[in-house]
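Residue-level listing of the chains:
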Amino acid sequence: MTSTNNTQEKTVNPEMKIQSIDVSAWFGQKQALKNINIDIKANAVTAIIGPSGCGKSTFIRCLNRMHELTPNAKMTGQILLDGENIYDKQIDPVQVRRRVGMVFQKPNPFPTMSIYDNVAAGLKLTGTKKGQNLDEVVKRSLERATLWDEVKDDLRKPGTSISGGQQQRLCIARAIALRPEVILMDEPCSALDPIATAKIERLVVELKRDYTVAIVTHNMQQASRVSDFTAFLYLGELIEFGPTRTIFESPKNPLTEKYITGEFG
Amino acid sequence: MAVIPLLSILWEVISRGAPQISLNFLIQNNSNGGIGPAIQGTLILIGLTSLIGIPVGILSGIYLAEFGNNKYATAMRSINDVLTEFPSIVVGITAYGVIVIALIGHYSAIAGAIALSFILIPIVARTTEESLKLVPNSVREASLALGAHKWRTTLSVVLPTAKAGLLTGTLLAVARIAGETAPLIMTILGNRYFFQGLNQPMAALPLEIWRDSLQPQASLQAQGWGAALILILMVLSLNIIVRLASRGRLKR
C-alpha cells in the first residue's frame, strides 16, 4: 500500500510485479486519473473496482501502454514493471505489451481467423513462433483457458462461431499463448451470462499460479470472489487499496463502505 | 419510374447491337468489319490502369484510415474528395498537355492508362478508407495488445477483415473507369488496328462507340451499337463478379 506522494523516496519493491507511481491520465482536457499509486503483487489477483467512469479501465490501459493509443490521450507518472519504468524513452511499447497481455470487455476474437489461428495469432503477429511447436502451444493455451475439451474437434471453425463465454476464454487463450508475465482483464465478464461468468472467474483464480492478474470489474461480488487485493477508485482518485478482505469487511473510508454496501454506484 | 430510363437504354442497345454480334465482329479489325482492336484496347487499358491505380489507391486509403490522424492526412482527404468529383474531361486535357504533348510527343496507350488511373486512384482510396473504417477498433486493439506492431496489425488483421469491402469497392471503381470516354479522346486517340505498343495510339470501346456514331454510313452506326452492347456486357459482368464475390463472402 502506498499513500505517499513523494516519488523521490519511493523505492522499488521486489515483491511487486507492477508499481504505479503518481499516475495521472487525461483524455484531451478531461482528467481521468489523479495521482494513482497502486502496487500489484506478483502471482496474485488485484481487482480494480468503482462506479462507471471512475477511471478503472483507463488505469489498466496505462499498465500496458494501450492508453496512449486513444487519440488525444496523455498520461504522467511512472509504471514500474519489475522495477523498470515502462514509460522510459528507450522502452518499446510493443515489447511491453508482449509481457503484459490484455483481455477486453467484449470478446474480440479476430473475425477472419479460425479458433486455432486466433490462439496462434500472437506468435505469428509478433514473429515469435520460431522454434515453437504451434500445435503444442495452441493445445496448451486452450487447455489452460479450460476451452480445449469444448473446441478440440472444431479448431478450424471461425473464432466467432462459438458462444460469447467461449469466445472470451478463446481471447484468454490467445493472450496466454504468448506467455506474458501479467494479464490485464477489463471487465471480462460484463458481456457474459452467469454460467460463463462463473467459468471465467474460476479460470482467473487458476491463472494466478503462473501469472500476475489485474482485473477491472464493477461487480463487487466478483471482486470479493476472485481477488487478493482490491483498489477502489472514485472519480479518478484512489479512495482505498488493500487486501480484499480488509476492503470488504472493514473499509477505512466511508465512501468505500457506501459503495460496497450498494448505497451508490 | 427510375428503371424506365435504364430499361429503355438496355432495350435500344440490345435490339440494335445484338444483330451485330458475331465471332467476326469480335475478333477482326475495323477494316474487316470487326471491333477486335477496341475490345483488346479496353482490356489492356483496364489492366494497365488497375496496375497503376489500384496499388496507389489502396496504399493511400490505408494511410488515410490507419495513420490519417494528422493535418497532412486531413488535407489529403479533402483533395481526394475533390478529385473523386473531378470532371474527367479536365483529367483528359491535363494528361494531354503533360504526357501527350510534353513528355511523349504523340498519342499513346500509356497516356490513356495514366489519365484513367488519375480517376481510379481517388475512388479506390476513398472506398479503401471507408471499408477499413468499418473494421471495429476492438479488432485493432486485440492485435496491438498482443504486442503486434502497427503495420503488422494493419496488414495481417485489419486488411483481411476488410477484404470483402476492398474487393467490391475496387471492382466497382474499375467498372466505372472502363466506360470513361473523354480522357481517352485526348490521350489514346483510337486505332483501326490491333495493339501496336504502349507508346502508340490504341483503340478502346468507348472511343469506338463515339467515332462510329458520328459516321454517316448506317453500317458503321450499327457497328457502334454492337460495341455499346459489348461494353455494357463487360461492365455488367464486373458487377456480377462483385455480387458473387460478396455473397460468397457472406456465406462463410
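Residues numbered from 1 in each chain as written. Chains lettered and ligands numbered in written order. Predicted model: local features only at pLDDT ≥ 70, side-chain atom pairs only at ≥ 80, totals over all residues.

(A) Summary view of the overall build of chain A. The secondary structure content of chain A amounts to ten helices and eleven strands. Taken over C-alpha atoms, the radius of gyration comes to 18 Å for chain A, in line with the 18 Å a tight globule of 265 residues would show. With the C-alpha coordinates of chain A rotated into their principal frame, the extents come out at 50 × 45 × 35 Å. By residue count, 46% of the 265 residues in chain A fall in the buried class. (Helix = DSSP H or I, 4+ residues; strand = E, 2+ residues; numbered from the N terminus. Rg over C-alpha atoms; globule rule 2.2 N^0.38 Å. Buried ≥ 20, exposed ≤ 12 C-beta atoms within 10 Å, placed from the backbone.)

(B) Structural context of unusual backbone geometry. Residue and element names in this part refer to chain A. In this model, N72 sits at a positive phi of 70°, which is unusual for a non-glycine residue. Tracing the sequence through the fold places N72 in the loop between helix 1 (56–63) and strand 5 (73–81). Residue T146 is not a glycine yet carries a positive backbone phi of 50°. Here T146 lies in the loop between helix 4 (134–144) and helix 5 (148–151). By the C-beta count within 10 Å, which is 16 here, T146 ends up partly exposed.

(C) The arrangement of the environment of S78(B) in detail. Residue placement: S78(B) occurs in helix 4 (residues 71–84). Each C-alpha atom, one on S78(B) and one on L134(B), is 20 Å from the other, the two residues being 56 residues apart in sequence.

(D) Representation of the pairing of strand 5 of chain A within the structure. Residues and elements named next belong to chain A. In this sheet, strand 5 lies alongside strand 1 (residues 16–27) in antiparallel orientation, the contact comprising eight bridges. Bridge pairing links F27 to A73 in strand 5. Inspection of the sheet shows strand 5 paired to strand 6 (residues 84–85) by two bridges, in the antiparallel sense. From the neighbouring strand, L80 faces strand 6, where its bridge partner is N85. From the end of strand 5 to the start of strand 6, which pair antiparallel, there are two residues, and D82 there has a positive phi angle of about 50°. (Pairing = 2+ DSSP bridges.)

(E) Representation of the confidence of the model for chain B. Averaged over every residue, the pLDDT of chain B is 92; the share at 70 or more is 98%. Across the interfaces of the predicted complex, the ipTM metric reaches 0.89, alongside a pTM of 0.85. (pLDDT = per-residue confidence, 0-100.)

(F) Layout of the packing of helix 3 (residues 115–125) of chain A against helix 6 (residues 164–176) of chain A. Residue and element names in this part refer to chain A. Two numbers describe how helix 3 lies on helix 6: the axes approach to 6 Å, and their chain directions differ by 35°. Where helix 3 crosses over helix 6, the two elements pack in a sense that is right-handed. Judged by residue contacts, I115, N118, V119, A121 and G122 of helix 3 engage L170, A173 and R174 from helix 6. Partitioned by chemical class, the residues of the contact of helix 3 with helix 6 number five nonpolar, two polar and one charged. (Axes fitted to C-alpha atoms, helices over the stretch in contact; angles between N-to-C directions. Left-handed = near helix turned anticlockwise from the far one by under 90°. Contact = placed C-beta atoms within 7 Å. Nonpolar A, V, L, I, M, F, W, Y, C, P; charged D, E, K, R; others polar.)

(G) Main features of the interface of chain A and chain B. With 21 residues of chain A at the contact, the number on the chain B side is 17 residues. Listed by contribution, the elements that provide at least two residues to the side of chain A that touches chain B are helix 2 (93–99), strand 7 (100–103) and helix 3 of chain A. At four residues, helix 2 of chain A tops the list of elements feeding residues into the side of chain A that touches chain B.

(H) Region of interest: the environment of L10(B). The residue L10(B) is located in helix 1 (residues 3–17) in this model. Spatially, the C-alpha atoms of L10(B) and A245(B) are 25 Å apart, while their sequence positions differ by 235 residues.

(I) Up close: the packing of helix 5 (residues 88–104) of chain B against helix 6 (residues 109–133) of chain B. Residues and elements named next belong to chain B. The contact between helix 5 and helix 6 brings their axes to 9 Å, and the two run at 145°. Of the two possible hands of crossing, helix 5 and helix 6 adopt the one that is right-handed. For the pair helix 5 and helix 6, contact is made by S88, V91, G92, A95, I99, V100 and I104 and by A111, I114, A115, F118 and I119, respectively. When grouped by side-chain class, the residues that make up the contact of helix 5 with helix 6 number ten nonpolar, two polar and no charged.

(J) The arrangement of the pairing of strand 4 (residues 45–49) of chain A in detail. Residue and element names in this part refer to chain A. Counting buried positions along strand 4 yields five of five residues, so the element is predominantly enclosed. Pairing between strand 4 and strand 9 (residues 212–216): four bridges, direction parallel. The partner of T46 across the bridge, within strand 9, is A214. Strand direction decides the pairing type here: strand 4 and strand 10 (residues 229–234), joined by four bridges, are parallel. The partner of A47 across the bridge, within strand 10, is T230.

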